[in-house]
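Below, each chain spelled out in residue letters.
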Amino acid sequence: MEDQRIAGYKRMNRKYRVRCVEGGEVVKAPLALQCASGHDSLLRTEYARKRLPLQPYPGMFRYLAWLPVDRPLLPSGGPVTFQSAGLGRELGLKNLFISFSGYFPERNTYLTSGSFKELEALPTLQRIKEIGGRIPVIASAGNTGRAFAEISAKTGLPVVIVVPERALPRLWTTAPAREIFLITVSGDYTDAIEFSNMVAALPGCMPEGGARNVARRDGMGTVMLDAAVTTGRMPDHYFQAIGSGTGAIAAWEAAMRLVRDGRFGVRLPRLHLVQNEPFTPMVSAWWAGRSQIIPDIDMPDASTAVAQVMSDVLTNRNPPYGIRGGVYDAMTNAGGTMYGVANREGHAAALLIREAEGIDVDPAAAVATAALVQSVSADGVAPDDHILLNVTGGGYERIREDLSLFSLDPSVRIAPGEDPGRAISLLNAWMTGTSCQGIR
Ligand SMILES: *Cc1c(COP(=O)(O)O)cnc(C)c1O
């Protein structure tokens, strides 16, 4: 195991390095989530290839050169970029492009868990496999857990997933899942995160890392790479609904690499980031000009607000906003603005995009579309501007029609206030089982 880790690190060192954004030092531990000095900062990859070569793989691994893995994890889907005729006409925009991450066979995109979280799961699991890590533990309220479950089901790579009990109906896979240890926790997403932190610290397990995981961000960055490669340039404006903002940070980082490449323009796309009212902590802090979220001001009555939104994947209470290299830095460096969207606007936008583009979209993507509508009426974008709307999820209706879905059974259900001892011994038994001895 140790030898394999060293070999993994040497390989990684030729293709890319990982640096702390704050301190600038190269981070040696291959799967570290923070530098050794403990800076409150994201780490970032730095690739040897300055010009982006395209690789002959379908899906996201076309951009393998700028992903922190050696080999593709196949089969895999990817994002697709297309010019929107319908929505563009409706909004009077001549250069509106949609990046679609989901299941849309007519557009040739096959992310079968339905959202761009799959772009994070694929390189994350491949990287852990190559470097020889332990089993990743993922806490999720829905789309992330489903994405990791789906890739685990398709590849046999083991994962531990911790979700709030009521998220269970949203977890399914399109192939039988054999290597998933699923823990349901009574309570909300925050309770699931707490329980997952405890589990991730057990021998044989590791935290997947969320926004701090460079594989996750570079995976999501393929949205910007695909848009630039498909249209020949970076967009002027990038629209996305954010919960953690990881996708927005990733789009900004990918754009910085594209500037350095030199073939896709010199200006970073302006970031138009969107949250769903009444839960809008980042929008509130940004408009107040602050780099820190103050919970009492920016998310008062958080539980009530979270219960009212149409898109609960946008309700992260602890996003990487003020951290070095995070959302605030991205916004100040690239320029941009933030929007709050009411459910009523989001529902209207969902209908608009379904009629214009012929596909159902994730509620989060509807919220992003509603912000574009707001921006057009406020002259925030001009009719000729190149705009990229990130439709971060969709095609669920088609997935249900075309594919067979397998629901997931919890390996253990944690009752309110239950001691974790039982869960830990079941997990240990699973980890030492013959079918699953960690990722090799
Ligand atoms: C998670 C998610 C988002 C928000 O993404 P972040 O950039 O991580 O905040 C948006 N849309 C969908 C469909 C998601 O699953």
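Relevant structure appears above.
Residues numbered from 1 in each chain as written. Predicted model: local features only at pLDDT ≥ 70, side-chain atom pairs only at ≥ 80, totals over all residues. Heavy atoms only, no water.

Draft legend 1. Representation of the pairing of strand E2 (residues 43-47). Along E2, the buried face is formed by Leu 43, Thr 45 and Tyr 47; none of Arg 44 and Glu 46, which line the opposite face, is buried. Pairing of strand E1 (residues 16-20) with E2, which is carried by five bridges, proceeds in the antiparallel orientation. What sits directly across from Cys 20, in E2, is Leu 43. (Buried < 20%, exposed > 50% of the residue type's maximum accessible area, 1.4 Å probe, protein only. Helix = DSSP H or I, 4+ residues; strand = E, 2+ residues; numbered from the N terminus. Pairing = 2+ DSSP bridges.)

Draft legend 2. Looking closely at the site of the ligand. The local shell around the ligand holds 17 residues, among which Lys 117, Gly 243, Gly 245, Gly 247 and Thr 392 are the closest. With respect to the ligand, the side chain of Lys 117 contributes an N or O atom lying 2.6 Å from an oxygen atom. The contact in question runs from a nitrogen atom of the ligand to an N or O atom on the side chain of Thr 392, over 2.6 Å. Out of a free accessible area of 380 Å², the ligand has 97% covered by protein chains. Elements that contribute at least two residues to the shell around the ligand include exactly strand E12 (237-241) and helix H8 (246-261). In terms of residue class, the shell around the ligand is made up of six nonpolar, nine polar and two charged. (Near = heavy atom within 4 Å. Polar contact = N/O pair within 3.5 Å; in protein donor to acceptor, adjacent residues only side chain to side chain. Areas by Shrake-Rupley, 256 points an atom, 1.4 Å probe, with all protein chains shown as cover. Nonpolar A, V, L, I, M, F, W, Y, C, P; charged D, E, K, R; others polar.)

Draft legend 3. Layout of the side chain of Gln 275. Note on placement: Gln 275 falls in strand E13 (residues 270-276). Among the polar contacts made by the side chain of Gln 275, one reaches the main-chain carbonyl oxygen of Ile 242 at a distance of 3.2 Å. Apart from the residues lying within four places of it in its own chain, the contact partners of Gln 275 are Ile 242, Gly 243, Thr 280, Pro 281, Met 282, Val 283, Leu 314, Tyr 339, Gly 340, Val 341 and Val 367. (Contact = heavy atoms within 4.5 Å.)

Draft legend 4. Region of the structure containing the side chain of Glu 118. Note that Glu 118 resides in helix H3 (residues 117-131). Notably, Glu 118 is buried but unbridged: the nearest opposite-charge side chain belongs to Lys 154, and the N-O separation is 4.8 Å. What Glu 118 contacts, discounting residues up to four positions off in sequence, is Leu 111, Thr 112, Ser 113, Ala 147, Glu 150 and Ile 151. (Lys, Arg positive; Asp, Glu negative; His and termini not counted. Salt bridge = Lys/Arg side-chain N within 4 Å of Asp/Glu carboxyl O.)

Draft legend 5. Just the sheet that holds strand E4 (residues 95-100), in detail. Across the sheet, six strands lie side by side as E3-E4-E15-E12-E13-E14; this open sheet has mixed pairing. Each of the sheet's edge strands pairs with one partner strand only, and the pair in question is strand E3 (80-83) and strand E14 (336-341). Direction aside, neighbouring strands of the sheet carry axes that sit 20° apart on average. Sheet strands in contact with H8 are E12 and E13, and its direction is about 160° off that of E12. (Axes fitted to C-alpha atoms, helices over the stretch in contact; angles between N-to-C directions.)

Draft legend 6. Geometry of the pattern of salt bridges. Considering all chains together, one arrives at 23 salt bridges under this definition. Between Asp 236 and Arg 233 there is a salt bridge whose closest N-O contact spans 2.8 Å. Within the structure, one salt-bridge network assembled from shared partners comprises Glu 106, Arg 398, Glu 401 and Asp 402.

Draft legend 7. Quick peek at the environment of His 386. Locating His 386 in the fold gives a position in strand E15 (residues 386-391). Classification of His 386 by relative accessible area gives buried; the value is 17%. Along the primary structure His 386 and Pro 105 are separated by 281 residues, whereas in three dimensions their C-alpha atoms are 25 Å apart.

Draft legend 8. Local environment of the nonpolar core. Counting residues in each nonpolar core, the largest one holds 76 residues, and the members touching the most others are Tyr 321 and Met 338. Top contributing element to this core by residue count: H8, with eight residues. The residues contacting Met 338, other than those within four sequence positions of it, are Leu 273, Met 282, Val 283, Trp 286, Trp 287, Tyr 321, Val 327 and Met 331. Core analysis: the next-biggest nonpolar cluster, separate from the first, contains 32 residues, Phe 82, Val 274, Ala 364 and Ala 366 among them. (Core = buried A, V, L, I, M, F, W, Y, C linked by side-chain atoms within 4.5 Å.)

Draft legend 9. Representation of unusual backbone geometry. Cis peptide bonds are those with omega within 30 degrees of zero, and the linkage from Leu 74 to Pro 75 qualifies with 0°. Backbone torsion omega between Glu 277 and Pro 278 reads 10°, so that peptide bond is classified as cis. Mapped onto the elements, Pro 278 comes out in the loop between E13 and helix H9 (281-287). One non-glycine residue, Asp 301, adopts positive backbone phi at about 50°. Using a relative accessible area of 62% as the deciding quantity, one classes Asp 301 as exposed. A positive phi is found at Asp 379, a non-glycine position, where the angle reads about 55°. Along the polypeptide, Asp 379 turns up in the loop between helix H14 (363-377) and E15. We classify Asp 379 as exposed; its relative accessible area is 67%.

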